[in-house]
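The residues making up each chain are set out below.
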Number of protein chains: 2
Amino acid sequence: MTATNGGPTRARQDTVAAVVRQWQAVHPDLDTAPMEIIGRINRCAALFQQAEDAPLRRAGLSRPEFDLLGALRRTAHELTPSELARETFSSGAAVTKRLKQLTERGLVERRGDARDRRVAHVRLTDAGRALVDGILPEQLAYETALLSGLNPQGQSELAALLGDLLGQLEGRLRALRA
Amino acid sequence: MTATNGGPTRARQDTVAAVVRQWQAVHPDLDTAPMEIIGRINRCAALFQQAEDAPLRRAGLSRPEFDLLGALRRTAHELTPSELARETFSSGAAVTKRLKQLTERGLVERRGDARDRRVAHVRLTDAGRALVDGILPEQLAYETALLSGLNPQGQSELAALLGDLLGQLEGRLRALRA
DNA sequence: AGCAAGTGTTTTACTCGTAAAGTATTGCGC
DNA sequence: GCGCAATACTTTACGAGTAAAACACTTGCT
């Protein structure tokens, strides 16, 4: 009974399936199909949040903090607070607070804009860059391990489907805002 | 160019793909595959949280509150606070606070256990049950609409893959605790 | 019976995010 | 060049979640 590939991988039941069964019993007429996607995505995200933060926590970083540092690292140039807010999908106020802490810890530096004194430019310090580069491989290895229960083909199918869904959602939200 | 079925649905780019490309440019040696799943799940969950709450918000409920009411409704009998915490994957303290508010709003009732006076039993009031039954179809219709960008086959594949993944994750976490 | 350990729930102190108001600065229209 | 809307960021007030301590009660051991 190889569960790693090929065979009809009848996996262990997940909690969402049980919840859906309960709803079906109480409201047999309801179309509970969306729960099987949205409920599971939410639950997976919650579990990732708990599990995934383990390597980050060792470095004393929360995920939002790491996201901020990561945005600076991956764009490879300075960003303003509002750009950071956009990149990390968080509010400006949250970015302000996180920057304050990260600055105190010596992981980022700020510099005022010469032309427009309203704007600040934020960049990683050497320590900040080293921290990100040190954590990221560890973090990715950890995530790889979390996903390893799914066979490679399942993983790429899942990634593709999620990319599809996310593309649609983001397009729709952009449309709503416009 | 039918995007609804069959054809090579080359969907609109999602933001996670762009982020992964940036990382690849900076660290070409890194295996960024897990981001394409975990990053997307997290981002989808965040978008759902914003979007999905719209129908609930009209009823003045947050999602955690609705989850609590839903747990009472779908199990169709009374639950203790600790059972509610387990069902809704939240801490006991959070349940205590939510129960306080929901009780004040007349949506749930509490009753002490005769045998063991530490435990409380919580049940929906008629108003609470009516609220859940009124909102749920609306909520499901809304969720169906959110997912409608994905064709039916994609949806069931996605649900199955997520069920697989979630089953593995939950199994693993249970193992860690044990 | 009486006390220690265990269990169910609540309280407390704290962190973190947000919305809304506040501050500082720019640049447009006249 | 002067006022005023717009922009960039910060501050404030607050709501919600958590971990750890506190509380209330039960149960098992002697």
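As named in an unreviewed UniProt entry, chain A is MarR family transcriptional regulator, taken from Streptomyces curacoi.

A.B. asks: Looking at this model, I keep getting lost on the protein's contact with DNA strand C. Mind explaining?
C.D. replies: Inspection of the region around DNA strand C gives 21 residues, with Ser 91 of chain A together with Pro 81, Ser 82, Arg 110 and Arg 118 of chain B positioned closest. Side-chain polar atom of Arg 118 of chain B to a base oxygen of DNA strand C: 2.5 Å apart, as the coordinates give it. Counting residues per element, the ones that place at least two in the surface near DNA strand C are α5 (92-104) of chain A together with α4 (81-88) and α5 (92-104) of chain B. Residues that form the surface near DNA strand C fall into these classes: seven nonpolar, five polar and nine charged.

A.B. asks: Just checking my understanding: could you explain the domain arrangement of chain A for this structure?
C.D. replies: Interface size is commonly expressed as the accessible surface area that is lost when the partners come together. Residue and element names in this part refer to chain A. On domain assignment, one finds that chain A holds domain 1 (16-58) and domain 2 (61-145). Between domain 1 and domain 2, the C-alpha centre-to-centre distance is 31 Å. Contacts between the two partners involve ten residues from domain 1 and, on the opposite side, nine residues from domain 2. Buried area between domain 1 and domain 2, both sides added, is near 870 Å², and the carbon and sulfur share of it is 49%. If you sort the residues of domain 1 by the area they bury against domain 2, Glu 52, Pro 55 and Leu 56 come out on top, with a joint share of 69%.

A.B. asks: Explain the protein's contact with DNA strand D to me, please; I cannot follow it from the model alone.
C.D. replies: Around DNA strand D, 21 residues are found, and the nearest of them are Ser 82, Thr 96, Arg 110 and Arg 118 of chain A together with Ser 91 of chain B. A breakdown of the atoms of DNA strand D within 4 Å of the protein gives sugar and phosphate a share of 63%. Arg 118 of chain A is positioned with one of its side-chain polar atoms (N or O) 2.6 Å from a base oxygen of DNA strand D. Contacts to DNA strand D include Ser 91 of chain B, whose side-chain N or O atom sits 2.8 Å from a phosphate oxygen. The set of elements that each furnish at least two residues to the surface near DNA strand D consists of α4 (81-88) and α5 of chain A together with α5 of chain B. Taken together, the residues of the surface near DNA strand D break down into seven nonpolar, five polar and nine charged.

A.B. asks: Where do I start with the relation of the copies chain B and chain A in this structure?
C.D. replies: Applying a rotation about an axis and a shift along it to one chain copy brings it onto the other copy. Laying chain B over chain A is done by rotating through 180° and shifting 0.0 Å along the axis; what remains is an RMSD of 0.1 Å. Those values place the two copies in the arrangement expected of a two-fold rotation axis. Interface overlap between copies: 100% of the residues of chain B at the interface are likewise at the interface in chain A, consistent with a symmetric, same-surface contact.

A.B. asks: Just checking my understanding: could you explain the packing of helix α1 (residues 15-26) of chain A against helix α3 (residues 63-75) of chain B for this structure?
C.D. replies: The packing of two helices is summarised by the inter-axis angle and the distance between the axes. The interhelical angle for the contact between α1 of chain A and α3 of chain B, taken along N-to-C directions, is 60°, at an axis separation of 8 Å. Between α1 of chain A and α3 of chain B, the crossing angle belongs to the class labelled oblique. With respect to the hand of their crossing, α1 of chain A and α3 of chain B are arranged in left-handed fashion. Between α1 of chain A, through Val 19, Gln 22, Trp 23 and Val 26 of chain A, and α3 of chain B, the contact on the second element is made entirely by Gly 70, Arg 73, Arg 74 and Thr 75 of chain B. Classifying every residue of the contact of α1 of chain A with α3 of chain B gives three nonpolar, three polar and two charged.

A.B. asks: Please explain the packing of aromatic side chains as it appears in this structure.
C.D. replies: The geometry of an aromatic ring pair is captured by the separation of the ring centres together with the interplanar angle, meaning the angle of the planes. One pass over the structure, following the stated rule, counts zero aromatic pairs over all chains. We note Arg 43 of chain A situated over the ring of Phe 89 of chain B; from NZ or CZ to the ring centre the distance is 3.4 Å.

A.B. asks: What is the right way to read the confidence of the model for chain A from this model?
C.D. replies: Regions with low pLDDT carry predicted coordinates that are not meant to be interpreted in detail. Summing up the model confidence of chain A, the mean pLDDT is 91 and the portion of residues at 70 or higher is 92%. Every residue in residues 2-7 of chain A is under pLDDT 50, and counting partners more than four places away or in other chains gives three contacts.

A.B. asks: Explain the interface of chain B and chain A here, please?
C.D. replies: In this complex, chain B contributes 68 residues to the contact, which on the side of chain A involves 70 residues. Buried surface at the junction of chain B and chain A, both sides included, amounts to about 6,800 Å², of which 72% is carbon and sulfur. The three residues of chain B that bury the most area against chain A are Trp 23, Ile 38 and Arg 74 of chain B, which together make up 10% of that side's buried surface. Remark: the boundary between chain B and chain A carries two salt bridges. Between Arg 43 of chain B and Glu 170 of chain A there is a salt bridge whose closest N-O contact spans 3.0 Å. Across the contact surface, chain B and chain A share 14 residue pairs in polar contact (both at pLDDT 80 or more). Among the secondary structure elements, those contributing two or more residues to the side of chain B that touches chain A are α1 (15-26), α2 (33-58), α3, α6 (126-147) and α7 (152-177) of chain B. Considering every element that reaches the side of chain B that touches chain A, the biggest residue donor is α7 of chain B, with 18 residues.

Criteria and thresholds
- Residues numbered from 1 in each chain as written.
- Chains lettered and ligands numbered in written order.
- Predicted model: local features only at pLDDT ≥ 70, side-chain atom pairs only at ≥ 80, totals over all residues.
- Heavy atoms only, no water.
- Near = heavy atom within 4 Å.
- Polar contact = N/O pair within 3.5 Å; in protein donor to acceptor, adjacent residues only side chain to side chain.
- Helix = DSSP H or I, 4+ residues; strand = E, 2+ residues; numbered from the N terminus.
- Nonpolar A, V, L, I, M, F, W, Y, C, P; charged D, E, K, R; others polar.
- Domains from an automatic or database assignment.
- Contact = heavy atoms within 4.5 Å.
- Buried area = accessible area lost by both parts, 1.4 Å probe.
- Least-squares fit on C-alpha atoms with pLDDT ≥ 70 in both.
- Axes fitted to C-alpha atoms, helices over the stretch in contact; angles between N-to-C directions.
- Parallel < 35°, antiparallel > 145°, perpendicular 65-115°, else oblique.
- Left-handed = near helix turned anticlockwise from the far one by under 90°.
- Phe/Tyr/Trp six-rings, centres within 6.5 Å; stacked < 30°, edge-to-face > 60°.
- Lys NZ or Arg CZ within 6 Å of the ring centre and 35° of its normal.
- pLDDT = per-residue confidence, 0-100.
- Salt bridge = Lys/Arg side-chain N within 4 Å of Asp/Glu carboxyl O.

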